[in-house]
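These are the residues of each chain, in order.
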Amino acid sequence: MHYCEVMLKDVADSRRINTNIRDEEAKLGEEERPTLALSALILSSEFWPPLKEEKLELPPLVTQAMEAYTHRYEKLKAMRTLSWKPHLGSVTLDVELADRTLTDLSVSPVHAAIILHFQERSESHHASMS
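Here is a short report on the structure shown in this document.

Calculation rules
Residues numbered from 1 in each chain as written. Predicted model: local features only at pLDDT ≥ 70, side-chain atom pairs only at ≥ 80, totals over all residues. Heavy atoms only, no water. Helix = DSSP H or I, 4+ residues; strand = E, 2+ residues; numbered from the N terminus. Polar contact = N/O pair within 3.5 Å; in protein donor to acceptor, adjacent residues only side chain to side chain. Contact = heavy atoms within 4.5 Å. Buried < 20%, exposed > 50% of the residue type's maximum accessible area, 1.4 Å probe, protein only. Phe/Tyr/Trp six-rings, centres within 6.5 Å; stacked < 30°, edge-to-face > 60°.

## Observations concerning the side chain of Thr-70
Here's step 1: Mapping Thr-70 onto the fold places it in helix H2 (residues 60–76).
Here's step 2: Polar contacts involving the side chain of Thr-70 include one to the side chain of Trp-84, which spans 2.8 Å.
Here's step 3: Contacts of Thr-70, omitting those with residues within four sequence positions, involve Thr-81, Leu-82 and Trp-84.

## Points about the environment of Asn-18
Here's step 1: Counting through the fold element by element, Asn-18 comes out in helix H1 (residues 2–26).
Here's step 2: The buried category is assigned to Asn-18, whose relative accessible area is 8%.
Here's step 3: Remark: the alpha-carbon pair of Asn-18 and Tyr-73, spanning 55 residues in sequence, is separated by 8.9 Å.
Here's step 4: The contacts of Asn-18, once residues within four sequence positions are left out, are Leu-38, Ser-39, Ala-40 and Tyr-69.

## Re the packing of aromatic side chains
Here's step 1: As enumerated under the stated definition, the model contains two aromatic pairs in all.
Here's step 2: Ring geometry for Tyr-3 and Phe-47: centres 5.3 Å apart, planes at 65°, overall edge-to-face. Taken as a pair, Tyr-3 in helix H1 and Phe-47 in the loop between H1 and H2 lie far apart in primary sequence, 44 residues in all.
Here's step 3: For Tyr-3, a relative accessible area of 48% translates into the label partly exposed.

Shown next, in the form of structure tokens:
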């Protein structure tokens, strides 16, 4: 039963930490705020089942947001850091297509990385056409 209690505490603590980090980001100037809003589920590794390791190359925009989140977490929780599992979780995003916009689309991190790759490619293509 102890493991279950720690797992439930992790979920509650993660909500509180996410709120604290968002509050800190809200105090920053517009140019200092991360472009992406992240929420993390922070797990006590010894109380959860082992999680599969996979490599996932993230777009620079996501990597920067994760680094900013980690920095704020480390300020909040001295002597602790995060070990990200970027292939796990879900991503909520809006996708603008030529004829419509898909809002609050929930996808896996792998699919989000692919979508962001095409967005970056499209933006650089438009910039070179100007």
